[in-house]
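# Topology and contacts: notes
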Amino acid sequence: MATSINVKNIGNRDEFPTRRIVVEIFDTNSKQIQKTGTNTLYSPASGHILLNETSNDVDIKVKLSRNYGGIDPKATVSICNLSDRIINEVATTEFAPKNSKTITVYAGYEKKGQETSDIPLLFSGTILWALPTTGRPDVWFTIQAVENFFLTNAILNVPSGYASDFKYSYELIKNIAQFVGYAESAIDTSFFDKLRQSSQPKRLEEYLLTNRDTFSYNSTFGNFMKKDIFQWGRMSAVQMSDKLILLPCSADMDFLESDEDKSTLPVISARSNPTMIGIPKPNPTGVDFTTLFDTTVLLPMRRFRLNSFIFPMFDDFVYWVQKVDYDLHLRGQPFYNHVVARRKVQRAK
C-alpha cells in the first residue's frame, strides 16, 4: 500500500499551505483499471474512483480515531455532491457486505514552492455502510469504514498444544496474525526485540507462554487481540494503517525509553509544528490538547514534551500519546488533531 499520493499543487497562497484530501474507492471484485499517464480514472467498468486528485472540487469531511491498544480504527468519510452515478456505484444495501469495496484517504498540506506534493496516507479500510445522509441542495454521502475488517473478524481456532512451539507470547501472536492473513512484514515486534537486547533482558520473562501446552482459543482474531493478549504481561497492540504493532506493558515501554535523551523529543507548543490550538487541558493522568492536522509527530505510542505559557509546571514531564481524534473538513474550519496523552511519573531531565 502506498504511504502517500503525489498530486499537482493547486494553491497559490504563500500565507498558509493549501489543504488537500484525496479519496480513492476501489471495488476489489473488479479486475480492470483504466490509466492515462500517471492518473487513474473512474469508469463504471473499472470499479475505481479517485476524488480530488487534480482539484479540491469535492468537499470532504473525515473523522477518525487512533488508539494506543486499538486494532480496529473506524473512519467516517462524508463527501458532498457526488454524481448520482458514483453514489449508485458505492452505496450499500446491507451492512458489511462480503463483496464490499475499499476506501483510502490521503490528507495533508501542499508543499509551498513546489509543483507537486506528496499527500500522506491517513486511512485505508473496508466500506461497511455507505448512503446519502442529507437531501438537496447539498447532498452529503457518508461512508463508514474499518481497517482490516475481515482480518479482525476472522474466526480463530487455536487447538490445545498449538502454542507449544513458541516460547514467548509475541511469537505466538505474530504467527496467529500471519495465519489470519497479515503479511509478515506488516507485523511489528520491534519493542520486544529491544527488551531482549536491553540491560535487563529478564523483563522479557513477563511474556513467557507459561500455559503453552494447554492454551487453546476459539473466537475472532479481534477479540483475541483486544482482550486475551493482556494475560501475558499486560500486552496490547495498535493498528496503524497496514501495520499491526505488538506492544509490551506500559512499565516496559517506559523502561525502554528511560535512557533516551529527552531533549531529542518533539516539543508541542503554540509555535511548534504541528501548532497547538488554544491551551492544553492538564488532568490527573496527563493532558488533552488540539493541534493543526499532522500524521508524523502525534501518533499513538509517540512521546513528546509540552511548552505551555499557561501551565509551565507541566512542561518538565514526558508524555505518551494515547489517542488521536482526527477532525478534518476540507472547506470548513476544522483540520485538527485532538490528542489525549498520558504523563510519565518521572520528570524529563
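Residues numbered from 1 in each chain as written. Predicted model: local features only at pLDDT ≥ 70, side-chain atom pairs only at ≥ 80, totals over all residues. Heavy atoms only, no water.

## Topic: the layout of surface pockets
Put simply, the largest pocket is a space of about 650 Å³. Lining the largest pocket are 29 residues; nearest its centre among them are Met240, Ile245, Thr295, Leu299 and Arg302. Mapped by element, the contributors of at least two residues to the lining of the largest pocket are strand 9 (116–132), helix 4 (190–196), strand 15 (243–247) and strand 20 (317–329). Here the second largest pocket is characterised by a volume of approximately 380 Å³. (1 Å grid on protein atoms, 1.4 Å probe; cavity = no way out; pocket = protein on both sides within 12 Å on 5 of 7 lines; lining within 4 Å. Points joined across faces, edges and corners; volume = space filled by probe spheres on them. Helix = DSSP H or I, 4+ residues; strand = E, 2+ residues; numbered from the N terminus.)

## Some details on the sheet that holds strand 12 (residues 187–188)
The strand order across the open sheet built from 3 strands is 12-15-14, with neighbouring strands paired in mixed fashion. Two strands lie at the open edges of the sheet, namely strand 12 and strand 14 (236–240), each paired on one side alone. Across the sheet, helix 3 (residues 169–180) lies against strand 12 and strand 15, angled at about 160° from strand 15, the strand it touches most. (Pairing = 2+ DSSP bridges. Contact = heavy atoms within 4.5 Å. Axes fitted to C-alpha atoms, helices over the stretch in contact; angles between N-to-C directions.)

## Regarding the side chain of Thr142
Turning to its location among the elements, Thr142 is positioned in strand 10 (residues 140–146). A relative accessible area of 12% places Thr142 in the buried class. The residues touching Thr142, leaving out its near neighbours within four places in the chain, are Thr76, Val77, Ser78, Trp129, Ala130, Leu131 and Thr133. (Buried < 20%, exposed > 50% of the residue type's maximum accessible area, 1.4 Å probe, protein only.)

## Considerations on the environment of Phe16
Mapping Phe16 onto the fold places it in the loop between strand 1 (4–8) and strand 2 (19–26). We classify Phe16 as partly exposed; its relative accessible area is 38%. Distance in space between the C-alpha atoms of Phe16 and Lys111 is 9.8 Å, their sequence separation being 95 residues. When neighbours within four sequence positions are excluded, Phe16 is seen to be in contact with Tyr109 and Leu292.

Keep in mind these values describe shape, not function.
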